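# Inside the fold
What follows is the residue order along each chain.
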Amino acid sequence: MFTVTTRHHHAPQRSTPHAPFRSLVSAVVGLLLCGLVISGCTRSQAIVETPAADANEGTVTQPVASSEPVVTAPATVPASDTPTPQPTATAAPTATPLPTTQPLSATVTLAQPHLAQGQTGVIRVAANLPCAVTGHLADRTLRFVPAGEGQHMALVGIHALASAETLPLSVEVTSDDGQSLSLATAVEVVEGDYGEEVIHFDAETSQLLDPAISEPENVLMSEVWETFSPEIRWTDAFQWPVEGVFTSLFGTRRSYDGRISSYHAGLDIDGETGDPVKVAADGVVVLAEPLQVRGNVVVIDHGAGVLTSYFHLDTFDVAEGQAVKAGDVIGTMGATGLVTGSHLHWELHVGGIATSPIEWTEAAPMP
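Since we're looking at a predicted model, the values are computed, not measured. (Residues numbered from 1 in each chain as written. Predicted model: local features only at pLDDT ≥ 70, side-chain atom pairs only at ≥ 80, totals over all residues. Heavy atoms only, no water.)

## Notes on the overall build of the protein
Looking only at helices and strands, the protein has four helices and 23 strands in total. By residue count, 35% of the 367 residues in the protein fall in the buried class. Once local pairs closer than 6 in sequence are excluded, the contacts in the protein between residues at least 24 apart make up 65%. (Helix = DSSP H or I, 4+ residues; strand = E, 2+ residues; numbered from the N terminus. Buried < 20%, exposed > 50% of the residue type's maximum accessible area, 1.4 Å probe, protein only. Contact = heavy atoms within 4.5 Å.)

Set out below in structure tokens:
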């Protein structure tokens, strides 16, 4: 409570009873007015105008009196139903590893540990990669044919008069990606079990032995027997072209009138003129014509360097280029050319070398 004392220089007067109360009320009201004035000034300095936030801006700057620091705050963005996309991580690129080259490996095997004179040899090569295969038996080139996945087969004929010796066998394997391998082994050639015979001809027939006549024919036949097609056409053991008695076996050592020593390159089967002659296996006719020494001849290509020949025919009923099936009749038996009587002379060549036909009637090499 405030106490107010009033002094006067005039003569003292008698105060009324309400004078002190009024003075007190005036003092209180004055103090309240003073407080309101002071409070109003303070609030006027604290009130600032806040501009509305721009929805397109990320922050809002609020202006204040120069005596206050400037504060920057993030704007309040109204809630939206559209989800905010989250950033996705981008994988760093990695180097592509180079493919690992698979090493080439291969093996070579022989169907027989040794080969007799006049026998057919079967050489097989197995490789783990697609490849080409070449080879040599001594100085003779081998021709390989596909024989299943990763498998290759080459057939080789051993001459009926070949020396009994060991022949080197070399094989080169080259994969499609450029790798190569060299394989080496050996083939042992042994003597065959062959007999001997002496052949006598009359004077007219003997003239066919004149080299001037026989040599051109031999050259022609050698070229035909070198025919090679990679497709193996036979599907089983070879069939007999005719049924009859063997009058001369393959490989028999021969002397003609004591002048020429040779061997029998085929198998003679007895029969009558006009007997049907059948093809031994599927193939294609590569020769059908009359010759002086061999008479009427038909030669069939069975693929992989294997050919059969039918000599001294009376007639032939096929033409060159014609496809035939095992058992088809290709002609009739006869006595044309250098013969002493009606019969069929049947030959089988492998890689240009005459080999025993009997072997192929028992079991033909299959892929």
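## A closer look at helix H3 (residues 211-225)
Its 15 residues give H3 an end-to-end C-alpha distance of 20 Å, which sits within 8% of 21 Å, the value for a rise of 1.5 Å per residue. Among all positions of H3, only Ser-214, Glu-217, Met-221, Val-224 and Trp-225 are buried. The buried residues of H3 occupy an angular sector of 85° when projected down its axis, which confines them to one face. Along H3, exposed side chains directed more than 90 degrees from the buried face belong to Pro-211, Ala-212 and Glu-223. (Expected span 1.5 Å × (residues − 1). Arc of directions from axis to C-beta.)

## Quick notes on the confidence of the model for the protein
Model confidence for the protein is summarised by a mean pLDDT of 80, while 71% of its residues fall at 70 or above. Low pLDDT, under 50, characterises residues 1-21; the stretch is placed with three contacts to residues that sit more than four places away or in other chains. Scored below 50 in pLDDT, residues 31-80 shows 25 contacts in the model against residues more than four places distant or in partner chains. (pLDDT = per-residue confidence, 0-100.)

## Thoughts on the side chain of Asp-268
By the element assignment, Asp-268 lies in strand S15 (residues 267-270). A distance of 3.0 Å separates a polar atom in the side chain of Asp-268 from a polar atom in the side chain of His-345. For Asp-268, the residues in contact, after removing those within four places along its chain, are Val-245, Phe-246, Thr-247, Ser-248, Arg-254, His-343, Leu-344 and His-345. (Polar contact = N/O pair within 3.5 Å; in protein donor to acceptor, adjacent residues only side chain to side chain.)

## Considerations on the pairing of strand S19 (residues 306-316)
Regular strands place their side chains on alternate faces of the sheet. S19 sits mainly inside the fold: eight of its eleven residues count as buried. Pairing geometry for strand S18 (residues 295-303) and S19, over six bridges, is antiparallel. Looking across to S19, one finds that Val-299 is bridged to Ser-309. Connecting the antiparallel pair S18 and S19 is a turn made up of two residues, with Ala-304 showing a positive phi of about 60°. Bridging between S19 and strand S22 (residues 343-350) involves six bridges; their strand directions are antiparallel. Its bridge partner being in S22, Ser-309 is matched across the sheet by Glu-347. (Pairing = 2+ DSSP bridges.)

## Things to note about unusual backbone geometry
Of note, Ala-138 is a non-glycine position whose phi angle comes to about 55°, a positive value. When you line up the elements, Ala-138 lands in the loop between strand S6 (131-137) and strand S7 (140-146). In the Ramachandran plot, Ala-304 falls in the positive-phi region, its phi being about 60° despite a non-glycine side chain. With relative accessibility at 6%, the residue Ala-304 sits in the buried group.

## A look at a nonpolar patch on the surface
Residues Trp-240, Phe-246 and Leu-249 make up a contiguous nonpolar surface patch of about 270 Å² in total accessible area. Structurally, the position occupied by Phe-246 is in strand S12 (residues 246-248). Assessed through its relative accessible area of 37%, Phe-246 is described here as partly exposed. (Patch = residues over 30% accessible without salt bridge, like charges linked within 9 Å, V, L, I, M, F, W, Y side chains within 5 Å. Areas by Shrake-Rupley, 256 points an atom, 1.4 Å probe, with all protein chains shown as cover. Salt bridge = Lys/Arg side-chain N within 4 Å of Asp/Glu carboxyl O.)

## A look at the environment of Ala-127
With respect to the element layout, Ala-127 can be found in strand S5 (residues 120-127). Setting aside residues no more than four positions away along its own chain, Ala-127 makes contact with Leu-104, Ser-105, Ala-106, Gly-150 and Val-173.

## Observations concerning the packing of aromatic side chains
Tallied over the full model, the rule gives seven aromatic pairs. Plain terms: the ring middles of Phe-250 and Tyr-263 are 6.4 Å apart, the flat faces sit at 85° to each other, and that makes the pair edge-to-face. Here Tyr-263 lies in strand S14 (residues 260-263) and Phe-250 lies in the loop between S12 and strand S13 (253-256), a separation of 13 residues in the sequence. Of the two residues examined, Phe-250 and Tyr-263, each falls in the buried class. The rings of Tyr-194, Phe-250 and Tyr-263 are connected pair by pair, giving a single aromatic cluster. (Phe/Tyr/Trp six-rings, centres within 6.5 Å; stacked < 30°, edge-to-face > 60°.)

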